[in-house]
Every structure is written in C-alpha cells, then in structure tokens.
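Residue-level structural notes
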Amino acid sequence: MDPLISRRALNRATLDRQHLLRRTDRTVVEVVEHLAGLQAQTPHTWYTGLWNRVEGFDPADAAGLLLSRELVRIVLQRSTIHLVSARDCLAMRPLLQEVTGRGTKGAYGRKLAGVDLGELAAAGRTLLEERPMTFAELGRTLAERWPGHDPQALSMGVRWLVPLVQVPPRGLWGRSGPIAHTSAESWLGFQAPPMTPAELVLRYLAAFGPASVMDAQTWSGLTRLGEVVESLDLVRFRDENGRTLYDLPGAVRPPEDVPAPPRLMYDFDNLFLSHADRSRVIPERAKEVLKGFARANVAPRVILADGVMAGDWTVTRAEGVSTLGLHLWQPVGALDEIEKEARRLLDFLAPDDEHQVRVFDGPSRP
C-alpha cells in the first residue's frame, strides 16, 4: 500500500515549493519558471505574488523584464493569462492551445461557422505583427474581410489560433495601457521546442506536488494525463481520503510541524487554483466563506495563517493614508505577526503614504 501523507504534510510540501515557507534569493525569472507561471489576468496584482516569494523583490525589476521581453503575459493554463518566461511561453503554448480551443469553440463555434480558420489565423497574425491591437480593434478590422460575422468571435478565434502576448505598457508597475496584443513569435524573435505532456507534468509536480492526476488536469486544463503520469518515474502516496498522489522522487517534503509564516496573497494566486482537491490550503470554514465571494463575482485577496486560508485583506486609500484591513474568517494565532506582514506589504504597495492596519471579524463581503 502506498504510504499515507497527511493533509498538513501536503500543505507544508506545497508551501515549500511555492517559496511561501521562506522567501528565496533566486532571480525573478528563475522563480517564475520554477512556478511554471503566475496567473496574471489582472495587470498588477501578480506583483504581490512575487513579493511574497522573492527576498527583496523590487517591482521595477519585473517591469523591466516585461520591457526586455524576458517575461510575457499570455493565455496558457486553464485558458487564462499567465506571466511566464519567454522560453516557457514558446514551449508551453503549443501544448496548451487545445485548452483555449476547447473554450473558444464552445463559446464562439457557431459564430465562426463558414470562416476558414487557417485564413483567419493568417490574417490575424499579419494584422497584429504590423502593430499591436486590442481585440475590439482586431475584430472590427477582421469583420471588413468577413462581413456578417461577429467581430468578437473573429478576434477570439485569432486568440485561440495564434499565440498572443499582451504588450507593455500594459502590466508595467505603476502604469497602464491598452490591452494590446501581438504574436509571441514576432515579439520574442526566437523559437523553442514545444513542451511534451510529460515535461509539463514534471514541472507541475516540482511546483505543486505531491498531487493527483486530477490535480494536474485542473491546473493545466488538459485531459487524459493519467497515462502520462503512469509512464513517469514517480513516487506514490495516498492522502487521507485514499486518493493516489504522485511526486518527484528527489523532491523535498518538509515535516508537517515546520512553521508557516503568515502571507497576504494576491487575488488569483495559483496556490488556490491548481488542485482539484484544495483542502491542503482551504479549510472547510473558508470554503463556505468563498461561496459568498463567488456569488458577488469577486476573487478575494487571502490571508494565509499557519499555511491555510484564514481571512481576506483589503486596501483603501484616502488623503495620503493607505489602510490595510485584515478581515479574519476564524480565530488565528500570532495576530501580531500577521499585522507586521501587513505593514511590510503596505511599505511595498504604497511606500509614500502613511499606513494603518485595522483588524475586522468576518469577511470583507457577506
């Protein structure tokens, strides 16, 4: 029988691989590659994800990497925008294109009926490589060639068929800009061999393991990974519910009593999105609270206490004062440490403001 691994031990293993037990001195690009990308559909909140993981993180460094094209934001896992290295962008996108295709065909398949997809991809690529465009502008231009077809469907077809990166100034720290796109190949100017499913699974386990086949499929959006996993040289465990979990043979799995410092996580952190069974970081009380946020269509920024979701945090700014609210969903120990982390985060987010930290009982939304 496979050895049992407790939920708390899973928690500590995952936090360790996510650089959340201690900040790392690795470079930003190294961390982004180790994590196999950060979900980044919002232009700026992912900077907090790097701040939580990289010692002495300077957001200007990450912004500079976007400008130098060493990092890009592109649709990848789960058909969502991720921040990845240039190399991973080119390697992952061919493998994950089917995920975006599945969603696009479901939403826009009928509206694309009668459009030659090869011609659509070629036309879209040509337009976007001449100059970056927003999807609205791209759709209007393509509709001149395919009159009678929905412009949004045409632009979403190009998003599926052509690897598209969002170009700066969108995503730069402290700045904004139109959500404009060009092709990854023209933006980066080099090629990389496509990643295989086996390579993707190994990268996933390095960042999120131990994990099940369903966990890997949830993270990537891919299906039929069972045969891939079984073909690899992996160690096996069973969790408290009897599920089979896989891991890299040489991976570190810290003792479950290792302390986990508080962390204030950003709204779309992959820590909470990359497992089918998320109980290693989301306790039962938190699951109930999250339903309220889901009804309001809000992704909360979460407080980790002792390694698990224990509250959410908000920031308000008025007259040069930034106030960080700690909204606790359950009793927590070491509240003073959470407040210290909140003040450090305010130093990062609003260095020129006065700072206040306030503590509230209950979530910020019902």
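Residues numbered from 1 in each chain as written. Predicted model: local features only at pLDDT ≥ 70, side-chain atom pairs only at ≥ 80, totals over all residues. Heavy atoms only, no water.

**A word on helix α8 (residues 151–161)**
Of all 11 residues in α8, 9 are buried; the element is thus mostly enclosed. Listed in full, the buried residues belonging to α8 are A153, L154, S155, M156, G157, V158, R159, W160 and L161. Elements in contact with the buried residues of α8: β2 (71–75), α5 (86–108), α6 (117–130), α7 (135–145) and β4 (164–166). (Buried < 20%, exposed > 50% of the residue type's maximum accessible area, 1.4 Å probe, protein only. Helix = DSSP H or I, 4+ residues; strand = E, 2+ residues; numbered from the N terminus. Contact = heavy atoms within 4.5 Å.)

**Focus: the pattern of salt bridges**
Evaluated as defined, the whole model comprises 26 salt bridges. With its nearest N and O atoms 2.4 Å apart, the salt bridge here joins R131 to E137. Looking at R131, the relative accessible area reads 42%, which means it is partly exposed. D239 is the partner of R243 in a salt bridge, and the nearest nitrogen-oxygen pair spans 3.1 Å. Accessibility expressed as a relative area gives 36% for R243, which makes it partly exposed. Given the relative accessible area of 6%, D239 is considered buried. When salt bridges with common partners are traced through the structure, they connect R23, R263, E341 and R344 into a single cluster. (Salt bridge = Lys/Arg side-chain N within 4 Å of Asp/Glu carboxyl O.)

**Observations concerning the sheet that holds strand β5 (residues 181–183)**
Reading across the sheet, the 5 strands line up as β1-β3-β2-β4-β5 and stay open at both edges, with antiparallel pairing between neighbours. Here the strands that pair on one side only, and so sit at the sheet edges, are β1 (38–39) and β5. Bridge analysis of β1 against strand β3 (residues 81–85) gives 2 bridges, and the strand direction is antiparallel. Among the inter-strand pairings, L38 is bridged to a residue of β3, identified as L83. Taken strand by strand, α5 contacts β2, β3 and β4, and its axis lies near 145° from that of β3. (Pairing = 2+ DSSP bridges. Axes fitted to C-alpha atoms, helices over the stretch in contact; angles between N-to-C directions.)

**Things to note about unusual backbone geometry**
The omega torsion of the bond from P168 to P169 falls at 15°, within 30 degrees of zero and hence cis. Counting through the fold element by element, P169 comes out in the loop between β4 and β5. With an omega of -10°, the peptide bond running from G209 to P210 counts as cis. Its place among the elements puts P210 in the loop between α10 (197–208) and α11 (213–220). You will see that N297, though not glycine, has its phi angle at about 55°, which is positive.

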